[in-house]
Each structure stands twice: as structure tokens, then as C-alpha cells.
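# Chains, contacts and geometry: an overview
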Amino acid sequence: GLPAALPALPLELTVLYNSLLFTVAASDSTIKGEAEGVRQGLLRVLEACGAGGQDLSTKELWQKVLQEVTAEELQAPLHRLGALQAAWWLAAGHLGSTTGLLRLLSKAEDPGKAQCSEGENELLSLLKAWRVPAEKASLPLVQSSQELKEILCTAAAFLQGLQELEAGNFPTALSLLQEAAGGFCSKRVLAQIYTCLGCCAQRMGKPQTALQHLKRALQVDFQCLPALSHAAAVYHELGETDVELQALALLYEALEKNPPAAASSGPHFLIRTELLVHTPLLASLLHPRHPSEVKYLLAQRCLQDGRVADAVEHYLDLLALLQEGLQQQVPLDGSSALPRIPEVFLEAASALQQAGRHEDAITVCEEVISRTTNLIPRTLRVEEPLEQPGAGLAGGLCQKKESLRCLTWRAAGYLHQGWAWATLGHSKEAITQFSRECLEDAVSRYVCLSVPENLPPEVEVLQKIRLLSLIGRGKQFLELGKHKEALLDFQHGLQISPGDPAAASYLVQALWKLNRKQEAAAHWQKFSQSPPAEDGQQGR
């Protein structure tokens, strides 16, 4: 409440600077909001000089103060406040305002200073060229202006590198991130920068360079698990399955141990780079995997690579995790590698069948069927595209889409059970499962579309399931000698998918068994002249 006095201002502004640093450090999180304390300090300076500026914006205040206040003893305190203001604006992503402030500080320091050369990053050039006025030993600081300047340089390069990475300007992003990697920061932040460099190199189509950066991140901070996750993705891209699986296994083991966050190495500063850099892209790149996501990737990659026994073990471990309720910790915003839980169960059933554990596959599918049956309405009418926007329709459309998904999952469960019973040689049980909802006019019974040419993807999947079920049941009828019933199923299958190679091949067999050899020959000729199918359904 005391009037501002010029002789006392250096001490007053130093106290303000220290108190603002302590305020930021006390939160120990990202810097948010406007630096109101800095604004009040600038108003005190103007008051001491007999001027006012209550109606001015923060940018206008800085311009007025730096143009009108020339007292030598105030230059160092003002530059310190300028560094704090730059930190606040950087944290808010206001790079233009930060650049403008540094221009003002540079002109106040050296009015004749030349502008940065063309093609040079102006913000970084201004920060590097900024000569911080010497501090007086009589005024102790909790963090020196020089230290704050170095942190600002690192944060500015890091932030701009992330911006260029998000914009797809990869060479510029790489240069800026490399600049940040050579800056002033903790080992934890340095590992994050190397992780971003790896992601940038990967997007540039340079997987080996990406791996070098990601390995460097782990060397700097072995607890930087996002780097290990990204390295596994790069190995997958390179087709190096053995190394990818090793990386995923290490990642899963590390996540299971749930280590504490890595401590920053080196001197502890009140304002640090990590407080200034917090963009959505960085959060996405450093998003930690949940153990169940990594376990799913292990199971999926093993199954895709033909390592069926390993895949089965991973899937069974994953099902145990999901049944314990750990899936509630997995993000549901689309960023998770883990699909919907019924889909995980169905993939596990497929792996079990490939491993010859057909009874276990039947049990897993029964879990899907029992959990989804009560969620399917007796009648589901869809008269508009399920993706149609509109707040009034959103709730109903989402519910219909979810009901369709449940119907699809249940139908897939019946289909898997049919295949399993057929492989076990139980034709009666196989026919029963093939004849379930996926054959009893599932699509027409549950889904009434007024625009058939705009089928939702769930309905298309249901149609494919119905086709496969018809083929599966028809094969069982063939084995039982019920050739007429088999013929009807194959004919219905070709109505759903005209020209399907599997249905057409079995149709020829059924006609031949019924002694309708001329028809069989005609169909065979027509089938052999058709172009090969792209979906590879012959395998079933």
C-alpha cells in the first residue's frame, strides 16, 4: 500500500520476482493463467515515474515501460520480470507475444541491434542474443536470469518443434527438436525430446534414425517407457517381429512393476522446461500404455506371426486382466490399442481354435453370447445412416449402433462355436450353432433399412457372418448326405455374396452329389472364369 518510490523499486521488483518464482514452484505443475503479479510490478514502475497505465493491456504496458523507463538501476529487474512474462506466454503457447516482448527487450538493451537474418528462427535468435543485465550481489535471487534464459531457449525450441511436427513440417521440426536436445533441461525432459525426435524421424520414413533417437531416450532415462512403446511400433513397421515382441515384453514387465516417476537429474530450478511445455501433441506422444493394452499387442502380434501357443497364453492372461476389472483404467477416447472387450474374447477364441483347443474356444464364445444377448432389443429399426449428425438424434443413433455391435458380436460367437463343433466332429451341435441368430434372418429381423445402399459397417459384417454360417452349415449337410439342404444353403450364400468362391465351389459339389452334373459343370465353368476373390474366403 506504500507509494512507489524509485530508489526502492529494484528491491521491490526483486522481491516480486522471487515470490512469483516460489508461487510457480509451489504448484509443481504447468504454468497457467496470466502473470498478474508481473502486471502489478509494471504499474508500480510507471507510478514511480509519474505515469499511469491501468487501462493498458499487458503488451501495451511492456511497450510503455520499456520505452519510457530508462533508469539504469531498473534495467536488470525489468529484464527479470520480462523473463517471467516470457515464461508465462510460452506456457500459454503465445509465441508471437513472446517474440514481441523479446524485440522490445532487445531494443531497450541495444536500440541499434540488427534484425535476425532471413530463414533464421526469430524467437530463438532473440533469446540467444538477449544479454541479461548483470545482477547485483546485494539482491539474492532464487533463480538467476541467465538460468531462466537458458530454460526459455530450450522450451521455445521444444514448443516450436512440436508445432512444426504437428503441422507436418518434419525437417523444420527435426532441426528445432535437435536444438532443444542441446539445451538446458533435466534428463527426464531430454528423454522426452529424444522420443519426439524418434517420432518425427519415423513420420519422415526414416525408421533406423527413429530407433537411434528412441534408444538414446532410453539411455538418458530408462523409465521413459513411451520411447520403448514407440520403438516397438517402429520394429513392427520394419517387420522385425522378434525384436518387436522383446520390446513389448520389456514394456509389459516395466508397466507391471509400476515404477515411480523418474526424478529430474541435476540442479532443481523453480521454473523448469517441463512447466512450460505441455501441448496436446506431446501428451499424445508420451501417453503411457496400460498393461492390458501391451498384453493385447503381444497376443495380437504373436497370432499374426503364427506363434499360436504364445498368442493363446497372452490372450488368456489378458482375459484374466479384463475380468478383474482392469479395463476400467484403459482410456476410452479412441487412443487405446485395446479394442472392445467382446472383440478381445472373439480373437482369443480364434487363437484357441487355431491351437486346437476347441472346447475352450466354445466356452470363451459362450461368455460373449451370454453377456450380449440381454443387450439386443427384439426389434431394431434403423431408418437413417448411423453416422448422421444432430444433437437430437445422437443418443438414439448411438444406442442403435451399440445394439448392432452387440448383435454382431453374438453372431460371431455363434459362428466360432459352429466351426469349433464342426472341427470336433459334432455335426448336430455345429448345425445348431450355424443356425442361430446369424441364420434366422438376423439382418432382416433386427434391422430395417430404408436406404439399403448406405449399409452401416455392422450390417455388412452381419451379412458376411451369415454367409460364412450358411457355408459352414452347408458343409455339415454335405457330410451328413443331406445334399438338398446343403444346396439351399450354398444358393442362399450366393444370394448374399454373388460370386463368392467358397460358396460357388461347394455349390458345384452339392449339384454333383445330386447327379445334376450338367448344372455342376456349367457352374464350374462360370466359377473358373470369374476373377479371384480379394477377401480370401476360400480358406473357410
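A short tour of the structure in this document, coming up. Everything numeric in this text was worked out from a predicted model, so none of it was measured.

Another aspect to go through is the nonpolar core. In terms of nonpolar packing, the biggest core is built from 88 residues, with W62, L84, L152, F158 and L276 touching the most fellow members. Looking at which element gives the most residues to this core, the answer is helix 7 (residues 145-167), with eleven residues. Composition of this core by domain shows at least three residues from each of domain 1 (1-108) and domain 2 (144-259 + 273-289). Those residues in contact with F158, other than ones at most four positions away along the chain, are L177, A180, V189, I193, C196, T273, V277 and L282. With 53 residues, the next largest nonpolar core counts A232, L251, L338 and F434 among its residues.

What follows concerns the side chain of Q160. Here Q160 is to be found in helix 7. In this structure Q160 touches L95, N121, L123, L124 and L176, once residues within four positions along its chain are discounted.

Before going further, it helps to spend a moment on the pattern of salt bridges. Counted according to the given criterion, the structure contains 20 salt bridges. Across the pair E68 and K64 runs a salt bridge whose closest N-O atoms are separated by 3.1 Å. Taken together, the residues E68 and K64, both in helix 3 (residues 58-68) and four residues apart, mark about one turn of the helix. Taking the relative accessible area as the measure of exposure, E68 reaches 45% and is therefore partly exposed. Ionic pairing is found between E458 and R405, a salt bridge with its closest N-O pair at 3.8 Å.

So, about the side chain of Q75. Looking at the secondary structure, you find Q75 in helix 4 (residues 75-91). Looking at Q75, the relative accessible area reads 14%, which means it is buried. Among the polar contacts listed, one links the side chain of Q75 to the backbone oxygen of A71, at a separation of 3.2 Å. Apart from residues no more than four positions distant in its own chain, Q75 is found in contact with V69, T70 and P133.

Right, let's get into the environment of H278. Along the chain, H278 falls in the loop between helix 13 (273-276) and helix 14 (280-285). Judged by relative accessible area, H278 falls into the partly exposed class, the value being 32%. Remark: the alpha-carbon pair of H278 and A91, spanning 187 residues in sequence, is separated by 7.3 Å.

This part takes up helix 23 (residues 483-496). Residue pairs three or four apart in sequence face the same way in an α-helix, which turns once every 3.6 residues. For helix 23, spanning 14 residues, the distance from its first C-alpha to its last is 20 Å, which sits close to the expected 20 Å at 1.5 Å a residue. Burial in helix 23 covers these residues: H483, A486, L487, D489, F490, G493 and L494. Projected onto a plane normal to the axis of helix 23, the buried residues spread over an arc of 165° and lie on a single side. Exposed positions of helix 23 whose direction lies more than 90 degrees from the buried face are K484 and Q495.

Our next topic: the packing of aromatic side chains. Note on aromatic pairs: each is described by the distance of the centres and the angle between the planes. Under the definition given, this model contains two aromatic pairs. Each ring, one from F490 and one from Y506, has its centre 5.5 Å from the other, and the planes form 20°; the classification is stacked. Taken together, the residues span a long stretch of sequence, with F490 in helix 23 and Y506 in helix 24 (residues 501-513) at a distance of 16 residues. Here the two residues F490 and Y506 agree in accessibility, since each one is buried. Here R80 stacks its cationic end above the ring of Y17, 5.8 Å away from the centre of that ring. Seen from the ring of Y252, K295 lies directly overhead, with NZ or CZ sitting 4.4 Å from the centre.

Attention now goes to helix 24. Helix length check: helix 24, at 13 residues, gives a terminal C-alpha distance of 19 Å against a target of 18 Å (1.5 Å per residue), a fit within 8%. On the buried face of helix 24, the contacting elements are helix 22 (457-479), helix 23 and helix 25 (517-528). The N-capping residue of helix 24, defined by a side-chain oxygen 3.2 Å from the backbone nitrogen of A502, is D500. Two residues or fewer after helix 24 comes N515, characterised by a positive phi angle close to 65°.

A word on unusual backbone geometry. The phi dihedral of N515 falls on the positive side, at around 65°, and the residue is not glycine. Considering the arrangement of structural elements, one finds N515 in the loop between helix 24 and helix 25.

Reading the values: the criteria
- Residues numbered from 1 in each chain as written.
- Predicted model: local features only at pLDDT ≥ 70, side-chain atom pairs only at ≥ 80, totals over all residues.
- Heavy atoms only, no water.
- Core = buried A, V, L, I, M, F, W, Y, C linked by side-chain atoms within 4.5 Å.
- Buried < 20%, exposed > 50% of the residue type's maximum accessible area, 1.4 Å probe, protein only.
- Helix = DSSP H or I, 4+ residues; strand = E, 2+ residues; numbered from the N terminus.
- Domains from an automatic or database assignment.
- Contact = heavy atoms within 4.5 Å.
- Salt bridge = Lys/Arg side-chain N within 4 Å of Asp/Glu carboxyl O.
- Polar contact = N/O pair within 3.5 Å; in protein donor to acceptor, adjacent residues only side chain to side chain.
- Expected span 1.5 Å × (residues − 1).
- Arc of directions from axis to C-beta.
- Phe/Tyr/Trp six-rings, centres within 6.5 Å; stacked < 30°, edge-to-face > 60°.
- Lys NZ or Arg CZ within 6 Å of the ring centre and 35° of its normal.

Keep in mind these numbers describe shape, not what the thing actually does.
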